[in-house]
Amino acid sequence: MAGVIANNYGSFPVVFVKGKGCTLTDVMGKKYIDFVSGIGVNCLGHAHPALVKAVAKQAKKEIHISNYYNSDVALNYVEKMLAASGYERIFFGNSGAEANEAAIKLARKYGWLVSEGQIASTSGAPAAKADKKRNVIVTLEKSFHGRTITTLMATGQDKFHPDCFAPFPEGFKTIRANNYDDIKTAFDDTVCAFMLECVQGEGGVNLVDAEWAKSAADAARKAGAIVIADEVQTGMGRTGTLFASEQLGFDPEVITTAKGIAGGVPMGACLFKGIVKDVFVSGDHQSTFGGNPLATAAATAVITELTKPGFLEHVTETGEYIRQTVKGWNLPCVKDVRGKGLMIGIDIEQSAGAIQKNCLEAEPLGLCISTAGPNTLRFLPPLVLTKKDADAGLAVLKKVLESVK
């Protein structure tokens, strides 16, 4: 039956039937340590009691209503999320791409309002109508912002811009992360926003330097642009803080997040504050399913767990444990180990795809990992990963790396 599903993913021939904690079980009863967690989605692992209870309880009450109305559970979640994040407004969607679409539209409207002289910009200059339109968004090379036509163009990788999907929207340009020379010419009076990932996930788990990020953000604001942090993958505790931008210190006007926000229930969010908090008005951007009662009930369970004392410290400590363990193997095929929290990239000599496949097929215990380029393994395990689970998964990986030449 799997053959009738469009094979957009190149899926492996394994069928999972259940999960518990950081372990998955397939239809044949074989178990696997999960270092993918649904691509960073299952932040509390599988069948987490608090998440199961929240979803089951809400499903008995109310699954969905129109956003023409408010739900008690959504309002409760908004209060918790804004208090935890320090932001002033939130828009709900269903995915990271939708969150980024919202951020792009918000930035474009901000730029239009500035150009029309209706609001002042981040530069601090008084509001005045301009000759040029502010509609350009600066992103980074090797970035990834989604699979819609617009977010593909925001993505700074040519492989995501094939001719078969053309024409692509205009109004995007890229600069190189951690390159100070690029900052000097990137921002002018046509730019409405600077959009960056705090760790480039799909692009190779590439780290962004904090001082460079602050310098780029300062240059963007001096030119009158806002700053957007794409935290679809790095957000919700993945890197050891609620949002990775906290560690870089550039305080974005807009944050987008999704992935782990509701522990496996589809949900995304765009948070904004300050100069852009009132840019969106009724009718500007909407979503049928965004922030419905079931999703926000799950999200409430997630943020309650993430903000418990010691939870984020555990993420930091476990991630460092994994990185130091892999470095300690001293395997010649391992060229680099990097990351933040439980977002980890490992550069290897071998084909990352081949190692991924062999880890999955390992006996008696399999290991689920993902890739981020031809020679980079990517770990995004559940944030509740224990050292025991980490050791079990790493043992599989070590054995595979040693056996594949």
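Before reading further, recall that the structure is shown in the block above.
Every chain is numbered independently, its residues counted from 1 as its sequence is written. Since the coordinates come from a predicted model, pLDDT governs what is reported: local features require at least 70, and pairs of side-chain atoms require 80 or more to be given and counted, while whole-chain, interface and lining totals use all residues. Hydrogen atoms and water are omitted, and side-chain values are computed over all heavy atoms in the structure.

**Student:** Looking at this model, I keep getting lost on the nonpolar core. Mind explaining?
**Tutor:** Across soluble globular proteins, you tend to see nonpolar side chains buried next to one another. Among the buried residues, those of types Ala, Val, Leu, Ile, Met, Phe, Trp, Tyr and Cys that are joined through side-chain atoms within 4.5 Å form a nonpolar core. The buried label applies to any residue whose accessible area, calculated with a 1.4 Å probe on protein chains only, is under 20% of its type's maximum; exposed applies above 50%, and partly exposed to all values in between. Residues F194, I346, I355 and L397 are the most contacted members of the largest nonpolar core, which totals 86 residues. In terms of residues, this core owes the most to one element, helix α9 (residues 293–306), which gives 7 residues. Contacts are assigned to residue pairs that have any heavy atoms within 4.5 Å of one another. Contacts of L397, omitting those with residues within four sequence positions, involve W329, I346, I355, C359, L367, L377 and F379. If you look at the next biggest cluster of nonpolar residues, it comprises 23 residues, including L106, A193, I226 and V276. Put simply, DSSP marks the helices as runs of H or I at least four residues long and the strands as runs of E at least two long, and each gets a number from the N terminus on.

**Student:** Explain the packing of aromatic side chains here, please?
**Tutor:** For any pair of aromatic rings, geometry is given as the distance between the ring centres together with the angle between the planes. In summary, the pairing rule links any two rings of Phe, Tyr or Trp, Trp by its six-membered ring, whose centres are within 6.5 Å, and it sorts them by plane angle into stacked for under 30 degrees, edge-to-face for over 60 and tilted for everything else. A complete count under the given rule lists 7 aromatic pairs for this structure. Relative to F160, the ring of F144 has its centre 5.2 Å away and its plane inclined at 55°; by these criteria the two rings are tilted. Linking F144 in the loop between β5 (136–140) and α5 (149–154) with F160 in the loop between α5 and β6 (172–175), this pair joins segments that are 16 residues apart in sequence. Accessibility assignment for this pair places F144 and F160 in one class, buried. Taking 5.4 Å as the distance between ring centres and 75° as the angle between the ring planes, the aromatic pair formed by F187 and F194 counts as edge-to-face.

**Student:** Looking at this structure, how should I read α9?
**Tutor:** Since there are 3.6 residues in each turn of an α-helix, residues three or four apart along the chain are aligned in direction. Any helix carries an expected span of 1.5 Å times its number of residues minus one. Taking 1.5 Å of rise per residue, the 14 residues of α9 would be expected to cover 20 Å, and the 20 Å separating its terminal C-alpha atoms lies within 8% of that figure. With respect to burial, α9 is a largely interior element, 13 of its 14 residues being buried.

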